[in-house]
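Close look at the chain arrangement
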Amino acid sequence: MNDLVSIIINCYNGEKFLSRCLQSVIDQNYKNWEIIFWNNNSTDNSKKIFQSFKDKRFNYYESTKLTNLSTARNFAILKSKGKFISFIDVDDYWENDKLSKQLSFFEENKNISLLFSNFYFENSQKKNKKISIKKKIPKNNLINFLLSKYPVSISTVIFNKEIIKDYLFNEKYHCIGDFDFVMKTSLHYDICGIDEPLAVISIHEENETKKRYGLFVLE
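Description of the structure in this document. In this text the structure is predicted, and so the values were computed from the model without any measurement.

Among the 14 residues that make up strand β9 (residues 190-203), 10 are buried, leaving the element largely enclosed by the rest of the structure. Bridge count for strand β6 (residues 112-123) against β9 is 10 bridges, and the pairing is parallel. Directly across from leucine 115, in β9, lies its bridge partner cysteine 192.

Below, the discussion takes up empty space enclosed by the protein. Per the counting criterion, the structure on display carries one cavity of 30 Å³ or more. The volume enclosed by the largest cavity comes to roughly 30 Å³. Along the walls of the largest cavity sit Ile8, Asn10, Arg73, Phe87, Ile88, Asp89 and Ile154, which together make up its complete lining. Each residue belonging to the lining of the largest cavity can be placed in one class, and the counts come to four nonpolar, one polar and two charged.

The element helix α3 (residues 69-78) is extensively covered by neighbouring structure, given that seven of its 10 residues are classed as buried. Considered for burial, the residues of α3 that qualify are Ser70, Thr71, Ala72, Arg73, Asn74, Ala76 and Ile77. Buried residues along α3 sit against β1 (5-11), β2 (33-39), β4 (84-87) and α6 (177-188). With a side-chain oxygen lying 3.2 Å from the backbone nitrogen of serine 70, the N-terminal cap of α3 falls on asparagine 68.

Further remarks concern the pairing of strand β3 (residues 58-62). Where β2 lies against β3, five bridges are found, and the strand directions are parallel. Pairing of phenylalanine 37 across the sheet is with tyrosine 60, part of β3. Between the parallel pair β2 and β3, the chain is carried across by helix α2 (residues 46-51), and the sense of this crossover is right-handed.

Before going further, it helps to examine the pattern of salt bridges. The tally for this structure, following the rule as stated, stands at 10 salt bridges. Where aspartate 3 meets lysine 83, a salt bridge forms, and the shortest distance between an N and an O atom there is 3.9 Å. One end of the pair, aspartate 3, is in the segment before β1; the other, lysine 83, is in the loop between α3 and β4, with 80 residues separating them in the sequence. For aspartate 3, a relative accessible area of 25% corresponds to the partly exposed category. Put simply, lysine 110 and glutamate 107 hold a salt bridge, and the shortest N to O gap is 3.4 Å. A single network of salt bridges, built from pairs that share partners, joins Asp97, Lys101 and Glu196.

We now examine the nonpolar core. Grouped together as the largest cluster of nonpolar side chains are 33 residues, with contacts concentrated most on Val5, Ile7, Ile9 and Ile35. Counting residues per element, the ones that place at least two in this core are β1, α1 (18-26), β2, α2, α4 (98-108), β6 and β9. Of all the elements, β9 adds the most residues to this core, at five residues. Once you skip the residues sitting within four places of it in the chain, isoleucine 9 turns out to touch Cys21, Leu22, Ile35, Ile36, Phe37, Trp38, Ile88 and Val90. Counting residues in each nonpolar core, the second largest holds 26 residues, with Ile36, Ile133, Leu142 and Ile154 among its members.

With that settled, consider the packing of helix α5 (residues 142-149) against α6. As a packed pair, α5 and α6 sit with axes 10 Å apart at the nearest point and diverge in direction by 165 degrees. Here α5 lies roughly antiparallel to α6, going by the angle between them. Of the two possible hands of crossing, α5 and α6 adopt the one that is left-handed. Two secondary-structure elements touch here, α5 through Ile143, Leu146 and Leu147 and α6 through Met183, Ser186 and Leu187. Residues of the contact of α5 with α6, tallied by class, amount to five nonpolar, one polar and no charged.

A word on unusual backbone geometry. We note that asparagine 13 has phi near 55 degrees; this positive angle belongs to a residue other than glycine. Looking at where asparagine 13 falls in the secondary structure, it is placed in the loop between β1 and α1. Asparagine 13 sits in the partly exposed class, given a relative accessible area of 30%. One non-glycine residue, asparagine 41, lies in the positive phi region at around 65 degrees. Mapped onto the elements of the fold, asparagine 41 is located in the loop between β2 and α2. The class of asparagine 41 is partly exposed, set by a relative accessible area of 28%.

Rules used in this analysis
Residues numbered from 1 in each chain as written. Predicted model: local features only at pLDDT ≥ 70, side-chain atom pairs only at ≥ 80, totals over all residues. Heavy atoms only, no water. Buried < 20%, exposed > 50% of the residue type's maximum accessible area, 1.4 Å probe, protein only. Helix = DSSP H or I, 4+ residues; strand = E, 2+ residues; numbered from the N terminus. Pairing = 2+ DSSP bridges. 1 Å grid on protein atoms, 1.4 Å probe; cavity = no way out; pocket = protein on both sides within 12 Å on 5 of 7 lines; lining within 4 Å. Points joined across faces, edges and corners; volume = space filled by probe spheres on them. Nonpolar A, V, L, I, M, F, W, Y, C, P; charged D, E, K, R; others polar. Contact = heavy atoms within 4.5 Å. Polar contact = N/O pair within 3.5 Å; in protein donor to acceptor, adjacent residues only side chain to side chain. Right-handed = clockwise from strand over helix to strand, strands pointing away. Salt bridge = Lys/Arg side-chain N within 4 Å of Asp/Glu carboxyl O. Core = buried A, V, L, I, M, F, W, Y, C linked by side-chain atoms within 4.5 Å. Axes fitted to C-alpha atoms, helices over the stretch in contact; angles between N-to-C directions. Parallel < 35°, antiparallel > 145°, perpendicular 65-115°, else oblique. Left-handed = near helix turned anticlockwise from the far one by under 90°.

In short, geometric facts, not functional conclusions.
See below:
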């Protein structure tokens, strides 16, 4: 398989972790990808950092005003050209075989529309990593598994745009847009998870869920 993968990176003041995130994409052993970088009206050095990477697969877009996360993701998705859409948050990073293993899974399972994987949590201060999902991800009847503790990180999600027709996020949500999208997709299409951790999710005081926990609970 050599289909184009559009990698969506939405950024609001992500300078602290951005270089690491971008380098993890460059280091992928699967090379047919493009980055759609949506700068959501950042006030830090995110633009400068992104543009310091000289790669023709890097595409930069900038919002004229700050929007909620689901709206920003939709703007970025609409700029994408790939058959597959993948996401990575600016404070996270990927294992270098993340895309190749997921695309191999799609090649072997033509009916799958969306795929996620296990991942590591990493404390950004202590630098220690802990695996997120400690039991096998079921291959069938995923709904109860997803509802039990919602084990999906958006930075592990990749989906086939040609199968999922309604692939935009609900813009009324800021914090739980990814949860809403994955759960709705699971009701109408075949989705699956990979047991192996393919991404590292950073835990720090600037995480959006921590900063806006009240809104997260409300949504």
